[in-house]
Each structure stands twice: as C-alpha cells, then as structure tokens.
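Survey of secondary and tertiary structure
What follows is the residue order along each chain.
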Amino acid sequence: MPSLSQIHRPKTFADVTGQGHVTETLRKEVATGTLGHAFLFCGPRGVGKTTTARIFAKALNCENPKDGEPCNACQACVAANEGRQLDLIEQDAATHNGVDDMRELIEHVRFAPLGGKRKVYVLDEAHMLTGSAWNALLKTLEEPPPYAFFIFATTEWHKIPATIVSRCQRFEFKRIPDAELSERVRFIAKAEGMKIDDDVVRLIVSRSDGCVRDAETLLGQLASLGAKELTLETASLVIPQGYGELAARLIDLWASRDHAASLREAQRLADDGIPLVPFFDDLVAEVRRRLVASADAPQAFTPGELNDLALLLFERRKDAKVGVDALFALQLAGTIAANGLLRHSRSPSVILSETKDLTPETKGDSSPPAQNDKAREVPKAQEKTKESSSEYQIASSEGQRAKSREQQVKENQELSVVASEAKQSQTPVAEIASSPEAPRNDNAGSPTVDLNIVRMKWQAVIRAVDEVNHSLPFILKISRPEDVRGSTVILRFQYAFHLDKIVGDPKNRHIVEQSMEKVLGERLALEGVVGEDAARAEARSQDIVSNILKAFGGNVVES
Ligand SMILES: [Zn+2]
C-alpha cells in the first residue's frame, strides 16, 4: 500500500512545503530557459530535496510547461506522476559511490534521452561519493551534453570537493517552519477524509522537528488506526506526548554498561519510527531529572557523569541536526556512556564533531553565492541549542567535579553495585509484566488453548473489546499473541506504554481477559512482553555491529 506521502506527493513547485526560496528560483529558470547543468541540493533529511528534484525533472521534460510549472497533463508529466519517467535516473550514492559506478553512469549519459527532451540524474547522499568517483565525473560536468542535467542531493555539502561545488548552482533547503508544516498535515488529513484536532496537529509538528517526511510518517501511523476523527486521546496511543519512558530505559541500559543491548535499543527506537532528533531532548530531560534526584539518592551515574552525559547529548544532537545519521549519533553517545568513557568524552576529537562549526557562513568562500540571503540563514533552532548548551555548562558547578579521591572511590563502588544490580534485573529486549490479582493458575503447564487458535481468533477478540472500550483496539491491533503458557496468553506489544495501558491497568486487562473468554471459550489470563522477538533482535544486532565496524573502517574477526 502506498504511504500517505506517496499518495499526496507534491506535483508542482508551488505544492512543495516550505522551500519557496528554492522552488521559485527553479521555476523561473525553467520558464526562461536560463539553465545550468549541475545543481547542489543541500539541507537536512526529509525536507523535500528529492521531491523537488523530481518536480524539476518533470518540468524539464513537460510538453506544455506553464510559467515553468509542469502541466501534469501531457504524456511526459503523466508518466512521471506514475513513476515511469525513463529519463529521470536516481542513484543512491551511499551504495553506488565508487569510480566504476561513476564510469557506468557517464557511459549512460552519452546516450540521448529515451522519451523526453532531457535526462536528469539525481545522486542522493552525494557526499558519499569517493574522490576518484568525483574525478571521473568532473569532465562530464565541465562539458555536459546539452540534454543532461545533474542534481546532487546531500545533507553534508561541505564534504563535496570544491572543484565540484564551484560548478554547481547551490540551493539550501531549510527545516520547515511550524506553520507550514501544520498546513501540510491539515491538507493531507483533509484529503484523507480525517477530522483532526488542532492539538493533534501541534503534537505531530512538535515531534517532527521541521522534517516534512517525519510529519507525514506520523500522520500515516495515525491514519492506519482507521479512526475518522483524530483526537489527542487517540493520537496519544500511537504518538506519546514525549518519550520520557523510552529515554529512561535507554539511559538505564547505558548505566548497566550493557553495550550491545544499548545499541540494539537505539536501533529499535529508530525502527519504531521514534523521531530521533527530538528524542535527544527527552534524553537530556531525563538526565536533568536524575541530576536533581541525585541530591536525595545516589544514581547509577554520578552527578559529574550526568553532567558530562548532558553535554555529550547536546553535542550529538547538534551533529544529528546538521545531517549526520541521527541513529549513529545516538549509538555513538550510547557507546561512550555504556563503556564508562564519559569523563574522557569532553575532548573535541570525537569523530562526529568535525561537522559542528561548518555552517555555510564559515566555508562559503569557495562556492558560488547561494540563491538569496534567506537561503544562507542558520536554522534558528540550531542556534537555540547552542545557547542552551552553554547555559547548561555555566549551571554545572566546577566544585562538583573537584571531589576528593576518597569520594571518587566511594562513588565508583556505588556505581559498580548499581550497575551489577541493573544487569541482574535487566532483560533488555523483553520484560514480563504480571500482577497478582489475575486468574493465574498455572502458566508453566501445557497450554489450555492452542496459540494458532488465539492468533486466528485475535481479530474477533479485538472486536469484542471494541464493544466495551473503543480506544484499546488501536493498541491491540498492533500487538500480537506471542505464546500461551498454561492458561496465560502472552501478548507482544510494540511499546512499553502500550503494555502499561493494557496489562498494567487492571480494568483494561480485565476487559481483554473477558473478551478472550467470550471468543475462545476459556478463562485466560493476559500477560505481555515488549519489543521484538529474540531471533529478529539477534539478526539486527549483527547488522549493527557490522555497520559500526564499517563506519570505523574495521572488520569482523572470527574468534
Ligand atoms: Zn506536462
């Protein structure tokens, strides 16, 4: 099934959300025919670079462009809207980044367009191309065939060789302002026939951090609930108001020094579609909470470590915002925290920080001027982060760090006790929740009902629940019967707060248990686990390890 963003993909320059300074310039260039052949689309992920590139390609091949806009009626436009545009070649430079890939592409450039007038090459993640790949491409960029156009899309344009940048017309894509993002969310909701509360729009916008793709994904998750009217109560089943609980869990994993589990958990958050850049704020809020609590009771991290952790998270958040893969930034922060390296993490040599001061202003000399002044503005939010970061630094008292050696030893002892306790009690991927008052006869004996039957009849159980409570089915639909132990059905939930809402709340659990009895004819208890199953988790952790090794240029050594 196509996603909401695919269904409602903008079809004209005017439809693109929040990038008017870019799309207006492109439209005028198409209208007047004053076109360069190489374009650099820079900016954060998910703000419309690829969408704009596709519209540009469509406009260039349109048979009846109107004022530079594609007509969306001619054969070429229709083909493009159906994704059958032969003369639009999109290549992911993250995976095709070598000199051989470039030679193949150059070979392709030599052939005239198949259907349309012009061939458009879009290279996504262009900063991933190797130096020799760029060199191979340079000559083609210097003397391109009249029908060939190149768009390099990147989150990190400063990594692109100056010789290339100077041959491109550079466009800065911005984070989408809240007002325009709200408008986009309302537009799609309306087109989908959904009634959406203002509070829900605000929630989506606040969790998307100026990224139109994230906003559309969140709205898509809400739409999949099938509710015609989206209230804050319904929305909060899928989009929590904050991710404090998940943040606390991740920090617990760091504190328990469980490196592998913390990497897995970060991956799981990303897979669950948690917007990771705003998630850094939840992490900092949780660190702050623990810092305050440390006045009354010792925490797994010492106050000094918590202070370092907050600063580390601010730094990594900045990296994530300028376009470094947010998951990697989160995993790197976790690696430092979980390996007890917080006190050594303050030097600026951590690999990601090379990007932090390279805003367009400081490195704009070698490149042609951007389209206008607005396009060169540093995003406001980024500046805000800088401010609050230094605020935080001032707030942390130096005295706190200058502690006696004795104190330090004591703290370390406490720390290791807490850490080993945490390790014992932690079952990182799944946790079983149970409560005493449920009819828990024997959950070790042979199952009183077959798991396959429970799964087969699960939709009927959900319908029975729906007769009593209309909001619980939303959660049950995205949960899955995992096992039957004795007369207890184990349900796998995607999120911990779903488990709390159903199993942790005696009233709700009772509703589900009664519905199971009604449908399955057996008196059954309900318990739950959170997260993914062990086999998938294992496969994923293998991936993570090899990805991290790849990022650091290492190899897996079989032992
Ligand atoms: Zn057309």
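Provided above is the structure to which this section pertains.
Residues numbered from 1 in each chain as written. Predicted model: local features only at pLDDT ≥ 70, side-chain atom pairs only at ≥ 80, totals over all residues. Heavy atoms only, no water.

**Structural notes on the overall build of the protein chain**
We count it as follows: By definition, any uninterrupted DSSP run of H or I lasting at least four residues is a helix, any uninterrupted run of E lasting at least two residues is a strand, and each is numbered from the N terminus. Throughout, a contact is declared for two residues whenever any of their heavy atoms are within 4.5 Å. Only the protein chains shown count as cover for residues, and the accessible areas themselves come from Shrake-Rupley with a 1.4 Å probe.
A tally of regular secondary structure across the protein chain gives 25 helices and 10 strands. In the protein chain, the proportion of contacts linking residues at least 24 apart, taken out of those at least 6 apart, comes to 76%. Counting every atom, the protein chain has about 26500 Å² of accessible surface; 51% of that belongs to carbon and sulfur.

**With respect to the pairing of strand β9 (residues 488-493)**
Formally: The buried label applies to any residue whose accessible area, calculated with a 1.4 Å probe on protein chains only, is under 20% of its type's maximum; exposed applies above 50%, and partly exposed to all values in between. One bridge is not enough; two strands pair if DSSP finds at least two bridges between them.
Among the six residues that make up β9, six are buried, leaving the element largely enclosed by the rest of the structure. Summarising the sheet, strand β8 (residues 480-485) and β9 pair through five bridges and their orientation is antiparallel. Within β9, the position partnered with Pro 481 by the bridge is Leu 491.

**Notes on unusual backbone geometry**
Apart from glycine, the bulk of residues carry a negative phi angle, and the bulk of peptide bonds sit in the trans form. Unlike most non-glycine residues, Asn 72 shows phi in positive territory, near 60°. Inspection of the secondary structure assignment puts Asn 72 in the loop between α3 (49-61) and α4 (75-81). Judged by relative accessible area, which is 22%, Asn 72 ranks as partly exposed. A positive phi is found at Arg 257, a non-glycine position, where the angle reads about 60°. Topologically, Arg 257 is positioned in the loop between α12 (244-255) and α13 (259-271). The exposure class assigned to Arg 257 is partly exposed, which follows from its relative accessible area of 24%.

**Let's talk about helix α5 (residues 99-109)**
As a reminder of what qualifies: Think of the arc as the fan of directions from the helix axis to the C-beta atoms.
Within α5, burial applies to Met 102, Leu 105, Ile 106 and Val 109. The buried residues of α5 occupy an angular sector of 100° when the element is viewed end-on, so they sit on one face. Of the exposed residues in α5, the ones pointing more than 90 degrees away from its buried face are Asp 100, Arg 103 and Glu 104.

**Comments concerning the sheet that holds strand β4 (residues 148-154)**
Short version of the rule: Lines fitted to the C-alpha atoms define the axes, with helices restricted to the stretch that makes contact. Angles between their N-to-C directions range from 0 to 180 degrees.
Spatially, the five strands line up as an open sheet ordered β2-β3-β4-β1-β5, and their pairing is parallel. In this open sheet, the two edge strands, each paired with only one partner strand, are β2 (88-92) and β5 (169-172). Strand after strand, the sheet turns through a mean of 20° between neighbouring axes, direction not considered. Across five bridges, the pairing between strand β3 (residues 119-124) and β4 is parallel. Bridged to Val 120 within β4 is Phe 149. Packed onto the sheet, α5 meets β2, β3 and β4 and runs at close to 165° relative to β3. Helix α6 (residues 131-142) contacts β1 (38-42) and β4 of the sheet and is inclined by roughly 140° relative to β4.

**Considerations on the sheet that holds β9**
Across the sheet, three strands lie side by side as β8-β9-β10; this open sheet has mixed pairing. The sheet is open, and its two borders are formed by β8 and β10 (525-530), each paired with just one other strand. Recorded for the sheet is a direction-independent mean angle of 30° between the axes of neighbouring strands. Of the pairings in the sheet, the one linking β9 to β10 comprises six bridges and is parallel in character. From the neighbouring strand, Val 489 faces β10, where its bridge partner is Leu 526.

**A closer look at helix α16 (residues 326-338)**
The line we're drawing: How far a helix is expected to stretch is found by multiplying one less than its residue total by 1.5 Å.
Along its 13 residues, α16 runs 18 Å from first to last C-alpha, staying within 8% of the 18 Å computed at 1.5 Å per residue. Summarising burial for α16: 12 of the 13 residues are buried, a large majority. Every buried residue belonging to α16 is among Ala 326, Leu 327, Phe 328, Ala 329, Leu 330, Gln 331, Leu 332, Ala 333, Gly 334, Ile 336, Ala 337 and Ala 338, and all of these are buried. Of the residues one or two after α16, Gly 340 is the one with positive phi, at around 70°.

**Focus: the side chain of His 498**
One can find His 498 in helix α23 (residues 496-502). Its relative accessible area of 1% is what places His 498 among the buried residues. Excluding its chain neighbours within four sequence positions, the residues that come into contact with His 498 are Leu 237, Ile 475, Ile 478 and Phe 493.

**So, the coordination of the zinc ion**
The expected angle between donors at a tetrahedral four-coordinate metal is 109.5 degrees. At an octahedral six-coordinate metal it is 90 or 180 degrees. What counts, and what does not: With water omitted from the atoms examined, metal sites may look incomplete; donors here are N, O and S atoms no farther than 2.8 Å from the metal, or 3.2 Å in the case of Na, K and Ca. By the criteria applied here, four donors are tetrahedral when all angles lie between 85 and 135 degrees, four are square planar and six octahedral when opposite donors are over 155 degrees apart and every other angle lies between 65 and 115, and any other arrangement is irregular.
Around the zinc ion, the protein contributes the donor atoms Cys 62 (SG), Cys 71 (SG), Cys 74 (SG) and Cys 77 (SG), which lie 2.2 to 2.4 Å from the metal centre. Here the zinc ion binds four donor atoms, and the angle range of 101 to 119° at the metal identifies the geometry as tetrahedral. Positions of the donor residues of the zinc ion along the chain correspond to the pattern C-x8-C-x2-C-x2-C. Each member of the pair, Cys 62 as well as Cys 71, is classed as buried.

**Some points on the nonpolar core**
Side chains of a nonpolar character, in soluble globular proteins, are inclined to be buried together. In plain terms, the rule: Residues belong to a common nonpolar core when they are buried Ala, Val, Leu, Ile, Met, Phe, Trp, Tyr or Cys residues joined through side-chain atoms within 4.5 Å.
Among the nonpolar cores identified, the biggest contains 111 residues, and Ile 204, Trp 254, Phe 279 and Leu 330 are the most heavily contacted of them. No other element matches α16, which puts eight residues into this core. Among residues more than four places away in sequence, those in contact with Leu 330 are Leu 250, Trp 254, Ala 266, Leu 269, Leu 276, Phe 279, Phe 280 and Leu 283. Core analysis: the next-biggest nonpolar cluster, separate from the first, contains 27 residues, Met 102, Leu 137, Tyr 147 and Val 165 among them.

**Some details on the environment of Ala 460**
In this fold, Ala 460 is placed in helix α21 (residues 458-468). Between the alpha carbons of Ala 460 and Ser 515 there is a distance of 8.8 Å; along the sequence they are 55 residues apart.

**A closer look at the packing of α5 against α6**
To keep things clear, this is the line we draw: Orientation is classified from the angle alone, with under 35 degrees giving roughly parallel, over 145 giving roughly antiparallel, 65 to 115 giving roughly perpendicular, and any other angle giving oblique. Crossings are sorted by hand: turned counterclockwise from the far helix by less than a right angle, the near helix makes the crossing left-handed, and turned clockwise it makes it right-handed. Note on residue classes: Ala, Val, Leu, Ile, Met, Phe, Trp, Tyr, Cys and Pro are nonpolar, Asp, Glu, Lys and Arg are charged, and everything else, Gly too, is polar.
With their axes 8 Å apart at the nearest point, α5 and α6 run at an angle of 20° to one another. Overall, the two elements α5 and α6 adopt an arrangement that is roughly parallel. Viewed along their axes, α5 and α6 form a crossing whose handedness is right-handed. Of the residues in α6, those in contact with Val 99, Met 102, Leu 105, Ile 106 and Val 109 of α5 are Ser 132, Ala 133, Ala 136, Leu 137 and Thr 140. For the contact of α5 with α6, the residue count by class is eight nonpolar, two polar and no charged.

The values reported here are purely geometric and, on their own, carry no functional implication.
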